[in-house]
Structure formats: structure tokens, C-alpha cells
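So you can see what is in the structure, the chains are spelled out below.
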Amino acid sequence: GKTGEAKDILINLEGLDSHFVDTYLLLAEIYRKTGEAVLSEETLVRGIKNNSESAKLYLALASLYHQQKKYQNAIDAILQVIAKQPANKRYKLLLADLYWLSSQKENTKNILQQIIEENTKDDENWIIVSRFYITRNDIQQAESVLQRGIKINQDTYKLRFLLSQIYTDQHRIEEATKLLR
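Residues numbered from 1 in each chain as written. Predicted model: local features only at pLDDT ≥ 70, side-chain atom pairs only at ≥ 80, totals over all residues. Heavy atoms only, no water.

Engineer: Mind showing me how you'd approach a nonpolar patch on the surface here?
Structural biologist: On the surface, Y157, F161 and L180 cluster together into a nonpolar patch covering about 300 Å² of accessible area. Residue placement: L180 occurs in the segment after α11 (173–179). (Patch = residues over 30% accessible without salt bridge, like charges linked within 9 Å, V, L, I, M, F, W, Y side chains within 5 Å. Areas by Shrake-Rupley, 256 points an atom, 1.4 Å probe, with all protein chains shown as cover. Salt bridge = Lys/Arg side-chain N within 4 Å of Asp/Glu carboxyl O. Helix = DSSP H or I, 4+ residues; strand = E, 2+ residues; numbered from the N terminus.)

Engineer: I would appreciate a short explanation of the pattern of salt bridges in the present structure.
Structural biologist: Side chains that differ in sign of charge can pair as their charged atoms come close. Following the criterion strictly, the structure yields ten salt bridges and no others. The closest approach of N and O atoms between R32 and E29, which form a salt bridge, is 2.6 Å. With a gap of three residues between them, R32 and E29 both fall in helix α2 (residues 21–33), about one helical turn apart. One salt bridge in this structure joins E41 and K70, with 3.9 Å as the shortest N-O distance.

Engineer: Explanation requested: the nonpolar core in the structure shown.
Structural biologist: For soluble globular proteins, nonpolar side chains are generally found buried alongside one another. Core analysis: the largest hydrophobic core is formed by 45 residues, its most contacted members being L95, L112, V129 and Y133. When residues no more than four places from it in sequence are discounted, the contact partners of L95 are I75, I78, L79, I82 and I111. (Core = buried A, V, L, I, M, F, W, Y, C linked by side-chain atoms within 4.5 Å. Buried < 20%, exposed > 50% of the residue type's maximum accessible area, 1.4 Å probe, protein only. Contact = heavy atoms within 4.5 Å.)

Engineer: Teacher, can you tell me more about the packing of helix α4 (residues 55–67) against helix α5 (residues 71–84) here?
Structural biologist: Each pair of packed helices can be described by the angle between their axes along with the distance between the axes. Between α4 and α5, the shortest axis-to-axis distance is 8 Å and the interhelical angle comes to 160°. With respect to α5, the element α4 is oriented roughly antiparallel. Two packed elements cross with a definite hand, and for α4 against α5 that hand is left-handed. The residues of α5 that touch α4, namely those facing A55, Y58, L59, L61, A62, Y65 and H66, are Y71, N73, A74, A77, I78, Q80, V81 and K84. (Axes fitted to C-alpha atoms, helices over the stretch in contact; angles between N-to-C directions. Parallel < 35°, antiparallel > 145°, perpendicular 65-115°, else oblique. Left-handed = near helix turned anticlockwise from the far one by under 90°.)

Engineer: Even after reading the chapter, I still don't get helix α9 (residues 139–152), so can you show me in this structure?
Structural biologist: An α-helical turn contains 3.6 residues, so a residue and the one three or four places further along point in the same direction. The terminal C-alpha atoms of α9 lie 20 Å apart, and with 14 residues this matches the ideal 20 Å at 1.5 Å per residue to within 8%. Regarding α9, the residues found buried are Q141, A142, E143, V145, L146, G149 and I150. In this structure, the buried residues of α9 make contact with α7 (105–117), α8 (123–135), α10 (157–169) and α11. (Expected span 1.5 Å × (residues − 1).)

Engineer: Please clarify how the packing of aromatic side chains should be interpreted in this entry.
Structural biologist: The geometry of an aromatic ring pair comes down to the distance between the two centres and the angle between the two planes. Summed over the entire model, instances satisfying the criterion amount to four aromatic pairs. Taking 6.2 Å as the distance between ring centres and 65° as the angle between the ring planes, the aromatic pair formed by W100 and Y133 counts as edge-to-face. With W100 in helix α6 (residues 89–101) and Y133 in helix α8, this pair connects stretches of sequence that are 33 residues apart. In this structure, W100 and Y133 share a single accessibility class: buried. One aromatic cluster is present, built from ring pairs that chain together W100, F132 and Y133. In this structure, K105 packs its charged tip against the face of W100, placed 4.0 Å from the ring centre. (Phe/Tyr/Trp six-rings, centres within 6.5 Å; stacked < 30°, edge-to-face > 60°. Lys NZ or Arg CZ within 6 Å of the ring centre and 35° of its normal.)

Engineer: Before we go on, may I ask you to explain the packing of α6 against α7 in this structure?
Structural biologist: At a minimum axis distance of 8 Å, the contact between α6 and α7 shows a crossing angle of 165°. By the angle between their directions, the pair α6 and α7 is classed as roughly antiparallel. Between α6 and α7 lies a crossing whose hand is left-handed. Contact residues: K89, K92, L93, L95, A96, Y99 and W100 in α6; K105, N107, T108, I111, L112, Q114 and I115 in α7. Across the contact of α6 with α7, the residue classes break down as eight nonpolar, three polar and three charged. (Nonpolar A, V, L, I, M, F, W, Y, C, P; charged D, E, K, R; others polar.)

Engineer: Can you walk me through unusual backbone geometry in this structure?
Structural biologist: The phi torsion of most residues other than glycine is negative, and most of the peptide bonds are trans. The phi torsion at S103 lies on the positive side, around 60°, for a residue other than glycine. Note that S103 resides in the loop between α6 and α7. The class for S103 is exposed, based on a relative accessible area of 57%. A positive phi angle, close to 60°, is found at N137, a residue other than glycine. If you trace the backbone, N137 turns up in the loop between α8 and α9. Classification of N137 as exposed rests on a relative accessible area of 65%.

This is a description of form; function is not addressed.
As C-alpha cells, this is what we get:
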């Protein structure tokens, strides 16, 4: 069928130019969507061998491992991505999520702390980290992060507002109101 033809074309393209990253990405995606995860992984690994500086290939490999619940393999791949793009918060959040899923809570905390420490005066860093905990239902940790952020950035309304929402959800109305004054 059409999928087989597409695979053949991409395999031929790979033979013509082994440094064209998108060929590997597309071929790996076709394999993944047709239930051939092993071939998808092999394609990405081959792509990485030929393009070791490609964050895209490592990211695709991390995503494949994540789907397969091979969290340690995904962690190893995402660490390669972060090594190539250390300023990218999104990749650090992915790493934190993988640590979380593999019950490496201390590593989770450490990577989230790195996000905060990149600029402790940036409310967004505190918000990203607190939301990470909120979405995983660790409200106590989210609360702790926001309280620390407010101590450092005393004039911040965004952090106070988010913490007041947590307090309101917990029926701690007096504390929520006090924060917004």
C-alpha cells in the first residue's frame, strides 16, 4: 500500500543523504504509526549515529521511549537534548516529568529547582514549577514553591494569585483573601 511505498522512498532517501534528519524522523514516525516500534527505534538510533548533534532525533527517541514506558531510556535521550539546548525550559520539564514517572523524586526536585534558579526574579519560572506539581496533584509541593517565590519576589501579584487559588480550593478563604491584599 501507500505506507509501504512511503517507507521505500524514505529508505532510498536515507541512502542518498544520511545527514538529512527529517528523513529519519518521518520514517520513524511511519514505523511507529504502523505498530513497528522496533523499526522506529532502529531508524532513530541510525539517524543519531549519522547526526549526533541533532536534538530533534534525540527528542523523537525520547518520545518513543516515553510512549513505551521505557522511562530510563527516555531520560538518557532527553539528557542528550538538554546538553545540546541547555536553556530550553520545555525540555527540562520533560525531563522532570520522566523522573517523576520513574519515581525519581529527588531528581525531579533538582531539575525543577534548576528552572527556578535560572532566574529567581522571573515569576514564570515559579509558576511553571508550581503548575508542574499542581497537575500531578502534589498541592503541598506547589504551595511550598509559591510561598518561596513570594518570599523572594514580594511584589508579585501572579504568584500571590495562584497561591490564593490553591488556598481557595482548600477552603482556606481567610488566607486566600490575605494574600490578595
